[in-house]
Amino acid sequence: MATQAAGKLWMMLSSFIGQEGDNTPIEVPAVNDVCGTNVVPLADFDASRYFGVWYEQVHVKDFIFQPGNSACIEAQYIPNDDGTFKVVNSYQDDSDALLKQIDELGPRDYTVGSAKCDEGVGACYVSFFQQPLPDEPNYIVAHTDYENYSIVYSCSEKNQAKLVWILSREPNLDTAKYNEVLDIVKTKVPGFDFSRFEDLTPQGDKCDYASDMAAL
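In short, a report on the structure. Note that the coordinates shown come from a computational prediction; the quantities given were computed from them, not determined experimentally. What you see as residue numbers is a count from 1 along each chain, following the sequence as written. With pLDDT at 70 or above as the cut-off, local features in this predicted model cover only qualifying residues; side-chain atom pairs require 80 or more to be listed or tallied, and sums for whole chains, interfaces and linings still use all residues. Excluded from the side-chain calculations are hydrogens and water; all other atoms, namely the structure's heavy atoms, are used.

### A word on the nonpolar core
Among soluble globular proteins, nonpolar side chains are generally buried collectively.
Stage number 1. Counting 43 residues, the largest nonpolar core has Y50, Y77, Y139, Y153, I166, L167 and F197 as the members making the most contacts within it.
Stage number 2. The set of elements that each furnish at least two residues to this core consists of β1 (52-59), β2 (70-79), β3 (85-93), β5 (123-128), β6 (139-144), β7 (149-156), β8 (161-168) and α4 (175-188).
Stage number 3. Contact criterion: two residues are considered in contact whenever any of their non-hydrogen atoms come within 4.5 Å of each other. Those residues in contact with I166 that sit more than four places away from it in its chain are Y55, E56, Q57, V58, S150, Y178, V181, L182, V185 and F197.
Stage number 4. Counting residues in each nonpolar core, the second largest holds 6 residues, with Y55, C72, L105 and C207 among its members. What makes a nonpolar core is a set of buried Ala, Val, Leu, Ile, Met, Phe, Trp, Tyr and Cys residues whose side-chain atoms join them at distances within 4.5 Å. Residue burial is assigned from relative accessible area. The probe radius is 1.4 Å, only protein chains are included, and a residue is buried under 20% of its type maximum, exposed over 50%, and partly exposed in between. Per the convention used, a helix needs a DSSP run of H or I reaching at least four residues, while a strand needs a run of E reaching at least two, with both numbered from the N terminus.

So this is what it looks like as structure tokens:
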């Protein structure tokens, strides 16, 4: 199961992060218009406060970092000794009809990558499947309070893929706080079309979270 999921993710992610030695443009469906107004990375970014576990609350349609019907999406950022950090993205499949009948989800699948951020700025470089880190930031922390939420932005001019997603320190962000974060998105991601957001990512008691497990 994990191998099949990794294969699906590789096909999707390779179109965004590129494959080493392959300069052939890869066409993917546009999530929004081309990047347009630049999103400014968070100043005075403190990576040490950002490390740890985050739970996805919402992402744009045609999001490339997880397959469709993904639930319980979780990201873990774990510092390494060399200034980089380990990225562990995981999710559970919510598409199995038989499991739906008993109100259960599929097993958790993992994708492991590496990343680094510019010193003191929320401009980060993330890569998966042992590919080299990109030359340009592809994970922009537009805003975070470190304790509750993070607004993440990524845009590829080449593929015209404009991505926005919201993370939370808790599986389910309080409704009032979530609405507050949406207001912040309006100012931090100018011109963002909120109709591009999917429904909220399923999270909660049915999930078997990676952070609850003894080992990764």
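### Some details on the state of the cysteines
Stage number 1. Working definition: a disulfide is two cysteine sulfur atoms within 2.5 Å of each other. Tallying each qualifying case throughout the model produces 2 disulfides.
Stage number 2. A sulfur-sulfur separation of 2.0 Å characterises the disulfide bridge that pairs C72 with C207. The disulfide joining C72 to C207 has a torsion of about -75 degrees about its S-S bond and is therefore left-handed. In this pair, C72 sits in strand β2 while C207 sits in the segment after α4, placing the two residues 135 residues apart along the sequence. Considered together, C72 and C207 belong to a single accessibility category, that of buried residues.
Stage number 3. Through a disulfide, C117 is tied to C124; the S-S separation comes to 2.0 Å. A torsion of 95 degrees about the S-S bond marks the disulfide between C117 and C124 as right-handed.

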